[in-house]
Structures are given as structure tokens and as C-alpha cells.
Amino acid sequence: MTSKLYHIGFGVNDLQGTGVSVALLSGDPDRARLIAERYLHNVVRLSENRGLNSYLGFLQNGRPVLSATSGMGAPSLSIVVNELVQVGIRTIIRVGTCGSIQAHIPPGDVVISSAALCRQGAALDIAPVEYPAAADPFLTVALARAARKLGVPHHVGITASVDTFYEGQERSDSANPHLLRWLRGITEEYRQLNILNYEMESGTLFKMGGVYGFAAGCICGVIAQRTASENVVLEAKSIAVDRAIAVAVQTLLDEPAGAT
Ligand code: URA
């Protein structure tokens, strides 16, 4: 294997023999840095190549953890995840943001995805469309247990994981004047199907977990309430993200290495 993977900008040799096998994967490079600064010790900046910031550090119990960046959407995530697995990562928790499509899930809460309705092109290059986009069940339960322990308002269920933030999530207040017919009404249909939220990465992550054989989980802070509005509720963002991060970190603290 080449010493540095092309996109993530680091390789096994940069991991200093830590045997790190767990990654917290944020869409936003600033969130990856925040996780490292706030929760990890002895942090090493592995790379900030292409905005795919990656940091290696240690939890308070000494467990090595990577805080990495997927970028936005499934194509970018698929590249990063492939390279993370090449350097030895075997558990990936996506720590993201999402829009609720259920009235009882307000901004500020977190959603833990048990599975995804995967409407993503990148996933079609990895597995057939019918292939289940299922989170690792043990990791999902561990995330829910950690959320309960921290008193974080959380919801466990199915996520709609789609390729676009605007059209695919039925946003009509955008630069595109024409929302395709098949997308009009889709949010209400998903709501009736008991889908909890929209986001843009978990479906492909879960399918990759199944195909490659690693444990994938996803927790997202709710930053939009789509039963009320198309807009992001900026005031809720920091609490939602802080909660999602805290739960993901607690999960790694509570679960013995190997279980996660
Ligand atoms: N991320 C999404 O994909 N959708 C939202 O509404 C908010 C965050």
C-alpha cells in the first residue's frame, strides 16, 4: 500500500502503531477539529488535505480514536470510508446533522439511525439497490444507551439518506424553480412511513459497512424541522451538534474496544 492514501492524506505509518480502529466521521471539517480539540488528548493532526481534516488522539480512557471528515454527500464519504478501512478502521460512527420530518422530533434533539432508505447514486456502485442499508445493531444500541445515560433527547429509527439537500429533500425555496413531480409530496409520504429524518450520508455508509465488513453507526443532531419549515434553525445547531458528539464519544468510552 502507498504510504499516504491519496484523498485522506495519511497512511498506516502515520498512525504511530496505535492500532486505532475507530473513527468519528463528521461531514464538516470544523466539527472533526472540534471533536479532537474538545475530547481527545495528545492529538496529532494527520492531514487537512482537501478539507478532509483528520486527527488522531486518545480518549480519557486511553482508547485511540480518529476524528475524520467525510465531506458533504455520499460520493465524498465513499472515498474517505474506503481509505479509512484501508488504514485499519473497523468501526465508523457518523456524527452529522439532519432535518426532522416528524412533528415530535424538534431541533436540538438527536436521531440515531437504525437503517436508511438509501436514495444515493454512490451506493449503486457498491451494492445492488435492494441491498440493506442497515446500521450495525450493537453500535446502534450502544449509541442509544449512551444517549440515555447522558440524558440527551434521542430517537432511534429509519433515516432517509438522499443525494441532494434541496431537490431531494423537497425544498422548493431554492434556485431551482422546478421541483420534479415525483419529489412533490415525498416528505409527507416518508413521514407516514415513519421515517424520522433527512440526511445525506448514512445510507451509503451503512451499505459499505455491510459489504466491506465494518461496523457503521450514525447519530445526527436535528437542525431543521421539516414539518414546520424548509429552513435550518441556526439557534439549535450548536446544542444539536454538541449532543451528537457527546453521545458518540460516550459510546466509545462505555463500550469495550472490539465491541465497537
Ligand atoms: N442536513 C440535511 O441533509 N438536511 C437538513 O435539513 C439538515 C441537515
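Residues numbered from 1 in each chain as written. Predicted model: local features only at pLDDT ≥ 70, side-chain atom pairs only at ≥ 80, totals over all residues. Heavy atoms only, no water.

**Topic: the site of the ligand**
So the rule is basically this: Note on terminology: near, applied to a residue and a molecule or strand, indicates that one of the residue's heavy atoms is within 4 Å of it. Each polar contact in these results corresponds to two N or O atoms within 3.5 Å; when the atoms are within protein, one needs to be able to donate a hydrogen and the other to accept it, and residues that are neighboring in sequence are counted only if both atoms are side-chain atoms. Strands are runs of DSSP state E lasting at least two residues, helices are runs of H or I lasting at least four, and both sets are numbered from the N terminus onward. Under this grouping Gly is polar, as are all residues other than the nonpolar Ala, Val, Leu, Ile, Met, Phe, Trp, Tyr, Cys and Pro and the charged Asp, Glu, Lys and Arg.
The environment of the ligand is formed by Thr97, Cys98, Gly99, Phe165, Gln169, Arg171, Tyr198, Glu199, Met200, Ile223 and Ala224. Here glutamine 169 contributes a side-chain N or O atom positioned 2.8 Å from a nitrogen atom of the ligand. In the environment of the ligand, an oxygen atom lies 2.7 Å from a nitrogen or oxygen atom belonging to the side chain of arginine 171. Mapped onto the shell around the ligand, the elements with two or more residues apiece are strand 5 (91-100), strand 8 (195-199) and strand 9 (215-225). In terms of residues, the shell around the ligand owes the most to one element, strand 5, which gives three residues. Here the residues of the shell around the ligand are counted per class, giving six nonpolar, three polar and two charged.

**Side note on the packing of aromatic side chains**
Short version of the rule: To pair, rings of Phe, Tyr and Trp, with the six-membered ring standing in for Trp, must have centres within 6.5 Å; the planes then decide the type, stacked if under 30 degrees apart, edge-to-face if over 60, and tilted in the middle. Counted as over-ring charges are cases with an Arg CZ or a Lys NZ within 6 Å of the ring centre that also lie within 35 degrees of the ring normal.
Enumeration over the complete set of coordinates arrives at three aromatic pairs. Taken together, a centroid distance of 5.0 Å and an interplanar angle of 80 degrees make the contact between phenylalanine 165 and tyrosine 166 edge-to-face. The positively charged end of arginine 171 is found above the aromatic ring belonging to phenylalanine 165, 3.8 Å away from the centroid.

**Things to note about the pairing of strand 2 (residues 41-47)**
Looking along a regular strand, one sees side chains alternate from face to face of the sheet. Just so we agree on the cut-off: Strand pairing is assigned whenever DSSP detects at least two bridges linking the two strands.
Pairing of strand 2 with strand 3 (residues 54-58) involves four bridges; the strand directions are antiparallel. Across the sheet, residue arginine 45 finds its bridge partner in strand 3, namely tyrosine 55. Connecting strand 2 to the antiparallel partner strand 3 that follows it, the hairpin turn spans six residues, and arginine 50 within it adopts a positive phi of roughly 60 degrees.

**Focus: helix 2 (residues 74-86)**
Cut-off, in case you're wondering: To estimate how far a helix should extend, the number of its residues minus one is multiplied by 1.5 Å. Using a 1.4 Å probe on the protein chains alone, a residue whose accessible area is under 20% of its type maximum counts as buried, one over 50% counts as exposed, and one in between counts as partly exposed. The contact definition used throughout considers only heavy atoms, calling two residues in contact when any of these lie within 4.5 Å.
In this model helix 2 runs 18 Å from its N-terminal to its C-terminal C-alpha over 13 residues, within 8% of the 18 Å that 1.5 Å per residue would give. Here helix 2 has its buried residues at Ala74, Leu77, Ser78, Val80, Val81, Glu83, Leu84 and Val85. Buried residues belonging to helix 2 abut strand 1 (22-26), strand 4 (64-69), strand 5, helix 3 (121-124) and helix 6 (202-213). Following helix 2 by one or two positions, glycine 88 adopts a phi angle in the positive range, close to 110 degrees.

**Looking at the packing of helix 2 against helix 6**
Working note: a packed helix pair is described by the angle between its axes plus the distance between those axes. Operational definition: Fitted lines through C-alpha atoms serve as axes, helices being fitted only where they are in contact, and the angles separating the N-to-C directions of these axes extend from 0 to 180 degrees. Any angle that falls under 35 degrees is termed roughly parallel, while one over 145 is termed roughly antiparallel, one within 65 to 115 roughly perpendicular, and all others oblique. It is the rotation of the near helix from the far one that decides the hand of a crossing: anticlockwise by less than a right angle makes it left-handed, clockwise makes it right-handed.
Running from N to C, helix 2 and helix 6 point in directions that differ by 30 degrees, and their axes come no closer than 10 Å. Taken together, the axes of helix 2 and helix 6 are roughly parallel relative to one another. The element helix 2 and its partner helix 6 pack so that their crossing is right-handed. Together, Ala74, Leu77, Ser78, Val81, Asn82 and Val85 of helix 2 and Thr204, Leu205, Met208 and Tyr212 of helix 6 make up the contact between the two elements.

**Quick look at the pattern of salt bridges**
Filter applied, for reference: For this analysis, a salt bridge means a side-chain nitrogen from Lys or Arg found within 4 Å of a carboxyl oxygen belonging to Asp or Glu.
Scanning the entire structure with this criterion turns up 10 salt bridges. Measuring nitrogen to oxygen at the nearest pair gives 2.7 Å for the salt bridge that ties glutamate 188 to arginine 191. With glutamate 188 and arginine 191 both in helix 5 (residues 186-192) and three residues apart, this pair spans about one turn of that helix.

**Some thoughts on the nonpolar core**
Just so we agree on the cut-off: As used here, the term nonpolar core means buried Ala, Val, Leu, Ile, Met, Phe, Trp, Tyr and Cys residues forming a set that is joined through side-chain atoms within 4.5 Å.
In this structure, Leu66, Val81, Leu84 and Ile92 are the most contacted members of the largest nonpolar core, which totals 37 residues. Put simply, the parts of the chain that give this core at least two residues each are strand 1, strand 4, helix 2, strand 5, strand 6 (110-119), helix 6 and strand 9. Leave out the neighbours within four places in its chain, and leucine 84 touches Ile8, Phe10, Ala23, Leu25, Leu66, Ala68, Ile89 and Ile92. The next biggest cluster of nonpolar side chains, apart from the first, holds 28 residues, and it includes Ala146, Ala215, Ile245 and Ala248.

**Topic: helix 6**
End to end, helix 6 covers 16 Å across 12 residues, agreeing with the expected 16 Å (1.5 Å per residue, within 8%). For helix 6, the complete set of buried residues consists of Ser202, Gly203, Thr204, Leu205, Phe206, Lys207, Met208 and Gly209.

**Focus: the side chain of glutamate 199**
Topologically, glutamate 199 is positioned in strand 8. Engagement of the side chain of glutamate 199 in a polar contact is seen with the backbone nitrogen of glutamate 201, the distance being 3.0 Å. Ignoring sequence-local partners within four residues, the contact set of glutamate 199 consists of Arg94, Thr97, Cys98, Thr159, Ala160, Ser161, Val162, Gln169, Cys218 and Cys220.

**Things to note about the pairing of strand 4**
Counting buried residues in strand 4 gives six out of six residues, a clear majority hidden from the surface. Relative to strand 4, strand 3 runs antiparallel, the two being bridged by four bridges. Within the sheet, the bridge partner assigned to leucine 56 lies in strand 4 and is leucine 66. Counting the residues in the hairpin turn of strand 3 and strand 4 gives five residues, including glycine 62, whose phi is positive at 90 degrees.

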